[in-house]
Amino acid sequence: MTVSGPEGTGSVRHRVHPAWGVAAVAFVSLLAAAGFRAAPGALMVPLNEEFGWSTTVMSLAVSVNLLLYGLTAPFAAALMDRFGMRRVVASALALVALGAGGSILMSASWQLVVFWGVLIGLGTGSMALVFAATVANRWFVRRRGLVMGVLTAGSATGQLIFLPPVAALAESSGWRAASLLVAAVALAAVPVAWLVLRDHPEDRGVLPFGADPATYVAPARVHGGAAKRAVEGLAYASGRRDFWALAAAFAICGATTNGLIGIHFIPSAHDHGMSTTVAAGLLAVVGVFDIVGTIASGWLTDSFDPRLLLVAYYAFRGVGLLLLPWLLSETVHPSMIAFIVIYGLDWVATVPPTAALCRELFGERGTIVFGWVFASHQLGAAGAALGAGIIRDTLGTYTYAWWGGAALCAIAAILSILVRRSPGGVPVLVPVPVEQGPPVPGEL
């Protein structure tokens, strides 16, 4: 295959490298999947009013969602290697649409677990951040950290776009209309993903963005054993102390974002007299600043020690959670706005440095190992979502849940600095077992 130019533009010159088109569609797909993942917090109040389900019961369904969202991730990374990104992503979006649309038929709490928990958990987990890492690692050599930051921000953008209309629809037309909105958007993203996504740059006759044609060697393609590779990745990583430090810190990240604020901020604000729509609007503002914070974090990750970035992010988050019980009130005031801005900038700014450390420490296994680290993120989120619901039902307040989250952030900061980097920050070369299959046309 002939390539030309410093960006590896291939035999046909492109004004814009195809990698950016793939990244754009990945962003849209992550945005669509994020829609219903953000919705449960806005729908808990109307579901309680219609069915009388307790916070604990609804938190259980959300916990199943978050748990499957995380546990699916490492297998999804391996499945993308085996079957291709667009097949996995299109199927995942269809599952999200089925779960969101089917939920309008609910009449019992166990159905909430099936639709919110199982179907949507599997669907969103099949993309999640391992999808972002797969796109960034395959399609980019330069700007990889920045791209990872932009794609990570796709989840926040889904929250930004969907949460206010979901909350408004739930109040004006009922929660079923809100669920159908999310289902429609997820379904509409399926053909876009199918038409534009490609698995490897070679499929478009180009090298990854920023690759040097003189030195670039395409990685071996994988033709089988997706589940086996996922498990082998965990077995290899679990023997390293650094993996456990990253996994534990990222579990705390999930607990203090998706598990606590993402699910329980709106009900907690409602406890203080704030309307659901206003509280949802505040979470949407978190999404606005998260876009800025995550993209900036991706840029910083390309230039600074990822461990120091993680220490700073967890420290700021812990201070915010410590002060939150005194900030919640019936109305929005300047100190609450300050909390929203800081928490937004920090929301998933942890992802680019965490993904970079996985790539640096585990080489070619880095994406699958990041999938397992991300699974720990969702385990933390699931535990916090359920735990905060139990605290609220038992003590009548969320205060102790917020303070517990602040304490966990201090632990995460300590764990992050304990991670040992590779000498010079150079990715390690780890042999990856590959089952041989028929040659891939156009493979370098």
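For clarity, every value in this text was computed on a predicted model and none was experimentally measured. (Residues numbered from 1 in each chain as written. Predicted model: local features only at pLDDT ≥ 70, side-chain atom pairs only at ≥ 80, totals over all residues. Heavy atoms only, no water.)

## A short note on the overall build of the protein
Then, number 1: A tally of helices and strands in the protein yields 15 helices and zero strands.
Then, number 2: When each of the 444 residues of the protein is scored for burial, the buried share is 57%.
Then, number 3: With an accessible surface of roughly 16,600 Å², the protein has 68% of that area assigned to carbon and sulfur atoms. (Helix = DSSP H or I, 4+ residues; strand = E, 2+ residues; numbered from the N terminus. Buried < 20%, exposed > 50% of the residue type's maximum accessible area, 1.4 Å probe, protein only. Areas by Shrake-Rupley, 256 points an atom, 1.4 Å probe, with all protein chains shown as cover.)

## Digging into the environment of Leu79
Then, number 1: Inspection of the secondary structure assignment puts Leu79 in helix α2 (residues 55-83).
Then, number 2: Note on Leu79: relative accessible area 33%, which makes it partly exposed.
Then, number 3: Along the backbone, Leu79 and Arg229 are 150 residues apart, and their C-alpha atoms lie at a distance of 9.5 Å.

## Considering the packing of aromatic side chains
Then, number 1: Within this structure, the stated rule accounts for 13 aromatic pairs.
Then, number 2: Here Tyr400 and Trp403 contribute two aromatic rings whose centre-to-centre distance is 5.7 Å and whose plane-to-plane angle is 85°, an arrangement assigned as edge-to-face. Placement of the pair is Tyr400 and Trp403 together in helix α15 (residues 399-418), with a separation of three residues, close to one helical turn.
Then, number 3: Joined through ring pairs, the aromatic side chains of Trp20, Phe140 and Phe209 make up one cluster. (Phe/Tyr/Trp six-rings, centres within 6.5 Å; stacked < 30°, edge-to-face > 60°.)

## A look at the confidence of the model for the protein
Then, number 1: Per-residue confidence for the protein averages 80 on the pLDDT scale, and 87% of its residues sit at or above 70.
Then, number 2: Per-element averaging of pLDDT across the protein places helix α6 (residues 144-172) at the bottom with 76 and α15 at the top with 94.
Then, number 3: This model gives residues 1-14 a pLDDT under 50, and the stretch forms 34 contacts once residues within four places in sequence are excluded.
Then, number 4: Note that residues 426-444 has pLDDT below 50 and, in this model, 38 contacts with residues that lie over four places away or in other chains. (pLDDT = per-residue confidence, 0-100. Contact = heavy atoms within 4.5 Å.)

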